[in-house]
Every structure is written in structure tokens, then in C-alpha cells.
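Single-letter residue listing:
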Amino acid sequence: MKKNILSVVFVLAGLTRIWAEEGMLIPSVIAAFESDMKAKGMKLSASDIYSVNNSSLKDAIMHFGGGCTAELVSAKGLLLTNHHCGYSQIQSHSSLENDYLKYGFWAKNLKEELPNAGLTATRIVRIDDVTQAALFGLEKLTGEERMKGLRANVQKLIKDATTGTHYEAEVKPFNYGNDYYIIVKETFKDVRLVGTPPNAIGKFGGDTDNWVWPRHTGDFSVFRVYAGAGNKPAEYNTENEPYEPIQFLKISFKDRKQGDFTMVYGFPGTTEQHMSSAYVKFIIEKERPARIRMREKSLSVIDAAMRSSDEVRIKYSAKQASIANAYKKWIGQIDGLKRLDAVRIKEEYEASYNQMASSKPEWNDKYGSLSKQLNEHVQKNAIWEFQYAMGIEYLYIGPELFKLARNIEDLVKNYADYQEKGTLNSTIDKYIKGAEGFFKNYDASVDQRIFELLTEEYIKQMEMSFSMIGKGELLTYSKLVYSKSVLTNKDRYISFLKGFKKSSLKKIDKDPGYKLFDNVNNYFRQTVIPFYYGASDLMTELLKTYVAGKYEMFPDAKHWADANSTLRVTYGQLEGSKPADGMLYTEHTTLDGIIAKYNTGNPDFELLPRMLELHKKKEYGQYAQGDELWVCFTGSNHTTGGNSGSPVLDENGNLMGLNFDRTWESTMSDYMFDASRCRNIVVDIRYVMWVMDVYAGAGHLVDEMVLVK
């Protein structure tokens, strides 16, 4: 037995070395990692990073739009995030007359800054461990009674935290419900677009370079947070003033070098580090490949259409970027997991886990069968996760007519309720108003071809058929949908809504577009979702105990909770990598590399003349390092989706750059981190400043910031 336990310890020690920079740490418990961070070069204290009683770096970090990260960089609420994070706002303000996507936009003064309906920026006030309070009185409860008790506890915690304030709060589970934290938030609702570089900078490299190193993308955009009376959040109003932040970041202008300490502070979205070997195999072999094929077909249509027309390019730029981002990420993710032999590593860890469990009877009773249960659960229920994924790809990512179909579905299913409450007309008016924005960015011929390709692929993947589409009649049915359905034409759609009444409930059942949607959506909602969520709930319960076993049996290992869109810290260093045999990536790229890529003639490397002129003159101003203008660099920080726009900070907490991507080999880190390969990609803040000041002539924005050399 001693020999067996020693072998487990050696395995775990090896894993700890591999995962030296792994982990997304909850800021409120960062003090536990302070000594390790200082050993890697950090000069800050834990309270500099996170404090409730005093201002700290956390007060400069914003959750941008609910899906990205941004940082405050001036005393006037100036906010930096990624170009791709602000892309939908940039696109919404663009037109053939004002093509901000192609040529960029820079407000010369506050009055020229552009409002963005629905865009928010959220500051975290505090993060508290409320596990005991959340679980109080639930020890003997099970099932729905336990959930009811948990909801009551959570509601009380939120009420106690927000009563008498303008704050919001949420209680989120960590480690599959072993822990609970309350996050108290301050959400600003007036966030205006200040500036954006042209696509030739902000999206330089396009799909060719996405998720790839070496990278030369100036992935940044500039916004400003506005506040109402008392410097508090307020809806958009011309009387609002720039927000005066509790803390903003200073700009690091000092020279960089390999090995410099780096810290990423942001809102990583989702990781699944504890998933079993069978689940990782399912992801590699079935779920991801099918989703890739669905998106590949959509992109084949959108890319061709965007190349053929500036009007379509503007309409579909944001949609294309959203679809393409996950598409290419998943390709790299599969490749990375295969290269790392992730399934085998998972199997070996599960064997070690089981072996440790068998070393004590009480551990064996609680944890001895968990690995087997998890893998058997996947084998039995993966079909529902697969069908759920296909439903999302088809109904929500695919043909856009389904977006309008959901509006009609709402009216059909809730007609009587709306009538009783007297809200039918206001609901219809809301959908009519929304149609203007929808059809502004819609092209029926593009959507029709996507509909044809994705319907064919969906039928194939789901191994099913539709009664309304006869064998070999998809194209015929497609023509019917796009020539007759109220969902595929602005005039037909608005006319139908304006005349909506009780008889419309039967009329819509005959609509070819809605009829197909109703068929697919009913199966998705009534069959797939219940089974999917039932299986997911059981998986969560198994993982809750599995993770508890890790903490109990391996107390000295480096544990961290999976990312769940809450504020986290990760630390590492500025460094290159050796992702594969014969490949050596240096740690930074320069403006020279942009010109070299441009000279290949690839349209993804298109530049505007201004860039060529400035490079030829070597007009780098104060932003060069030696005779080079750094563009991007890589770090060994553990990041994922949601970290886009996160500040990358130096040892003193000054802003070195904006995190915007991972290398292709790193996308596997959502499931398994490998310190030798996983690298995050950062646009250097000095390049950001150079684009603003020298390239765009918006030096007044740089003047707002505090530069530290």
C-alpha cells in the first residue's frame, strides 16, 4: 500500500510541475498565492490587487457587455477593451456613408462619442465566501426541498447585500456547489464609443491569423463610461458626465523582456478541467467535429457574400466574426487535445484518484467509484448533449429567420395572456421596432443558402427527417420559405405583425418557415432540453463529489475553481514557447512583421496607405523599444473566453497590454492546461498608444492617461 501511495504522490508532483502557471484565482483569496506571485517577480501586495475597504486594482476592471473584460485607464472613465469585443457596436454605427469598420472612427471631443443602447460596464464591489450561509439548514434536505431552501438562502443573502444601495448582487456556485460566493456589482448603463482603429489594424490577419502565432493584430477599441448624479450609474442621458473611477490603470512604457512577470485580471468564461476521460473523448471525436461542420457551411456562404459586396460586408461583419471565432478555436482545441494525448492523461489521473481513494476505507466509500460513474454517465447520456449542441447550432447560430420565428412563437403561445393583461399591442410594437435593426443587417439570399446547407447537415447529424420536406425536396422547400414566409421579408413580417389577431394563430401554422421552426423547436424544447438538463444535473452532482475528493485526498495540490464568468486573476511571465517538434515561437512581434504579411498579397493582410507610410519613415514616436515597434507578445497566463480585453499587468500593476487571444495550441486549456504550450496573446499597450496618437491623430486620448516609464 505504501508503494502505491508513493506512486500517486510522484504522479501528482509531476502534474504540478506541468501546471506551474495553471489556475484562475478568485481575487478575494489571492493572499494565499501572494508569496508564489512575488517569487515570480510581482512587487504588489495582495491588498493592492483586491481590497474592499480601500481602492485596489479590481476597481479598474470592468465586465464589458457581459461577455468580455475592459479596464479603466483615465480619471475621465476612459475604457479599453478588444476591437472584437466592441465589434457589434462599431458595426451598428457603420454604414456605406460612414464605414467605421473599414476606416476607423475617433471622436474629437465628448460630444462626438457615440451611445450604445444596451451596452453595460460592471465593476465588482466585493466578493465574499457565503458557503455556510447558502447551505444553512439544508443538511437533511434533498431534491426540490433542498433547492427551495437554497433559493431562499440565496435571496436573503442578495437582499442583505443590496438593500439601501444601488448595487446588484448574485450568488454563484463554485466547484459544482461545494462553495458559494456572493458577487456584489455596480453596473453602468451609459457606455459610449470613443474610438476604433480600422479593420486593417483591429482585425489584421482576419481568419488566417485567428488563434495563430505569430500575431500582429491591433485588437483594441476605446469606450467611455458615463455616470449620472453623484457619479452613480444612470441610463443614457446627454446630461451624464464621464465617470470618475475609484481607480484606473497607469500605462507601462518600460522596455519588455523575456521572463517579465505578467498578471491577467478579468472575467474568464468557462473551463471544464474536471471532466472525465470519456467526456474529453466525446468532445474530440463527436461533438466538436459536428459543430465545426455546421459553422464551416455557414462561413462558406457568408465569406463569399462579404467579398462580393461592401453592403453585405457591413451587414455580416459582426456575425461572421462570431461564427468564425469558435469554429477555428474548436479545430485547434481538438488538435491540441490529441497532441497532448489528453484522454490518456485523464485515464491515468483517474487511476491515481481511484488508487488514493482505496488507501482509506472512508475515502473508498465516498470516492472509490466516482471515475467509473462519471464515464458511464457520459456513455449513456452524451446523445442528449450532442443533440442539444446541434439544436443550438441550427436554431440559434444558423439561419436568421429563426430569430424572428421566436418572436412569433412568443405571440402565439402567450396570446391569451397578453390579451388579458392588455400588453398585446405593446409587445407587437416592440417586435416591429426590432425588425428595423434585424433587416438592416439581413440579406435573404445569404440566409437562404445558409438555410439549405445547415438544414441538410442538421438532418444528417440528427439522423432524422422532416415531414414537410420530402426526400430530395429541400431546395424546393427553401424557395417556398424565402418567397412566401413572413419570416424572410421585412414587408411581409411587419404586415403580419400589424394585423396580428386571434385568426393569425391558425394562419401562422401554414407558414412554411414557421412550420419548420415549430417542428424543430418543439422537439428541441420538449425532448432534448429536459433530457439534456436532467443529465447535466446528475453530472454536476457526480462532479461535486469528485471535486470534493480532490480537495480532501490531495490537500497540497494547487486547486482552483473552474471559470464561470466571475472576476479572476492568473499570473505567469512574458515568454515564447515550443508547441511542437521543430517549432520555436519568439515572445513578441513587430510592425516589420505586419509589412511582411501585407507583401504576401493575402487579403486578410490588407493595409491602408497610412500604415505603409509610417513604417517606411520609421515614425514610431515615443512608442518604440530600441528600433522596433512591438505589436503583440505572448505570456504563460491561463486564459479563456471572457478574458478578451483583460488587462495584462506588470509587476507593479501597470498596464502592459490587452489580452485578446490564445495560440491555437492553447485552446485545449479549457479542459487541460499544458505549461509548455499554452500561451495567451496580448496586444502591446505601446502599439495601442501609437495607433491612437501617431496613426490616427487622437493624441488627446493618450493625454488623458498616466504613462509610467
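Throughout what follows, the structure given in this document is the object of discussion. Counting from 1, residues in each chain are numbered in the order their sequence is written. Whole-chain, interface and lining totals are the exception, using all residues; otherwise, since this is a predicted model, local features are given only for residues with pLDDT of at least 70 and side-chain atom pairs are given and counted only at 80 or more. Think of the side-chain values as coming from all heavy atoms in the structure, minus any hydrogens and water.

**Overview of the overall build of the chain**
Condition: Only DSSP runs of H or I reaching four residues or more are called helices, and only runs of E reaching two or more are called strands; each is numbered from the N terminus. To get the radius of gyration, use the C-alpha atoms; to get the globule rule, take the number of residues to the power 0.38 and multiply by 2.2 Å. Buried residues are those whose accessible area, probed at 1.4 Å on protein chains only, stays under 20% of the maximum for their type, while exposed residues exceed 50% and partly exposed ones sit between those limits. We call two residues in contact when some of their heavy atoms are within 4.5 Å. Surface accessibility in these figures is a Shrake-Rupley result with a 1.4 Å probe; residues are shielded only by whichever protein chains are displayed.
A count of helices and strands for the chain gives 26 helices and 19 strands. Relative to the compact-globule value of 27 Å for 709 residues, the chain shows a C-alpha radius of gyration of 26 Å, a close match. Along the first, second and third principal axes, the C-alpha atoms of the chain reach 75 × 70 × 60 Å. For the chain, buried positions account for 58% of its 709 residues. At a minimum sequence separation of 6, the contacts of the chain that also span at least 24 residues come to 79%. Here the chain displays about 30300 Å² of accessible surface, and carbon together with sulfur accounts for 51% of that area.

**Thoughts on the pairing of strand β2 (residues 68-72)**
Selection criterion: Note on pairing: two strands pair once DSSP finds at least 2 bridges between them.
Burial analysis of β2 places five of its five residues in the buried class, which makes it a mostly covered element. Because side chains alternate across β2, one face comprises the buried residues Cys 68, Ala 70 and Leu 72, and the other comprises Thr 69 and Glu 71, equally buried. Both strand β1 (residues 61-64) and β2 contribute to a ladder of four bridges, which runs antiparallel. Directly across from Phe 64, in β2, lies its bridge partner Cys 68. In the sheet, β2 pairs with strand β3 (residues 78-81) via two bridges, with the strands oriented antiparallel. Bridge pairing links Leu 72 to Leu 79 in β3. In this antiparallel pair of consecutive strands, β2 and β3, the connection spans five residues, and Gly 77 shows a positive phi of 75 degrees.

**Here we look at the packing of helix α23 (residues 591-598) against helix α24 (residues 609-617)**
Between two packed helices, both the angle of their axes relative to each other and the distance between the axes serve to describe the pair. Just so we agree on the cut-off: For helices, the fitted axis covers only the stretch in contact; all axes are lines through C-alpha atoms, and the angles between them, taken along N-to-C directions, range from 0 to 180 degrees. An angle counts as roughly parallel when it lies under 35 degrees, as roughly antiparallel when it exceeds 145, as roughly perpendicular when it falls between 65 and 115, and as oblique in every other case. Each crossing is labelled by how the near helix is turned from the far one, with a counterclockwise turn of less than a right angle marking it left-handed and a clockwise turn marking it right-handed. Residues are sorted three ways: Asp, Glu, Lys and Arg are charged, Ala, Val, Leu, Ile, Met, Phe, Trp, Tyr, Cys and Pro are nonpolar, and all the rest, Gly among them, are polar.
In the contact formed by α23 and α24, the axes pass within 11 Å of each other and the chain directions differ by 125 degrees. Taken together, the axes of α23 and α24 lie oblique to each other. Every pair of crossing elements has a handedness; the one defined by α23 and α24 is left-handed. Mapping the contact onto sequence places Leu 591, Asp 592, Ile 595 and Tyr 598 in α23 and Met 611, Leu 612 and His 615 in α24. In terms of residue class, the contact of α23 with α24 is built from five nonpolar, one polar and one charged.

**Quick notes on helix α11 (residues 310-340)**
To be explicit about the condition: In this scheme, a helix's expected span is set at 1.5 Å multiplied by one less than its residue total. Any pair of nitrogen or oxygen atoms within 3.5 Å is treated as a polar contact; in protein, a donor-acceptor pairing is required on top of that, and neighbouring residues in sequence qualify only through side-chain atoms on both sides.
With 31 residues, α11 extends 42 Å between its outermost C-alpha atoms, agreeing within 8% with the 45 Å of an ideal straight helix rising 1.5 Å per residue. Its side-chain oxygen placed 3.2 Å from the backbone nitrogen of Glu 311, Ser 309 serves as the N-cap of α11. Positioned one or two residues after α11, Asp 341 has a phi angle of 60 degrees, which is positive.

**Quick look at the pattern of salt bridges**
How we decide: Only one rule defines a salt bridge in this text: a Lys or Arg side-chain nitrogen within 4 Å of an Asp or Glu carboxyl oxygen.
Tallied over the entire structure, the rule returns 45 salt bridges. Members of the salt-bridge network, linked through shared partners, are Glu 287, Arg 288, Arg 291, Arg 295 and Glu 393.

**With respect to α23**
Every buried residue of α23 is accounted for by Leu 591, Gly 593, Ile 594, Ile 595 and Lys 597. The elements touched by buried residues of α23 are α9 (206-209), β14 (588-590), α24, β15 (630-635) and α25 (685-695).

**Considerations on the side chain of Arg 215**
Locating Arg 215 in the fold gives a position in the loop between α9 and β9 (221-227). Engagement of the side chain of Arg 215 in a polar contact is seen with the backbone oxygen of Asp 209, the distance being 3.3 Å. When residues no more than four places from it in sequence are discounted, the contact partners of Arg 215 are Asp 209, Asn 210, Thr 589, Lys 597, Cys 632, Phe 660, Asp 661 and Ile 681.

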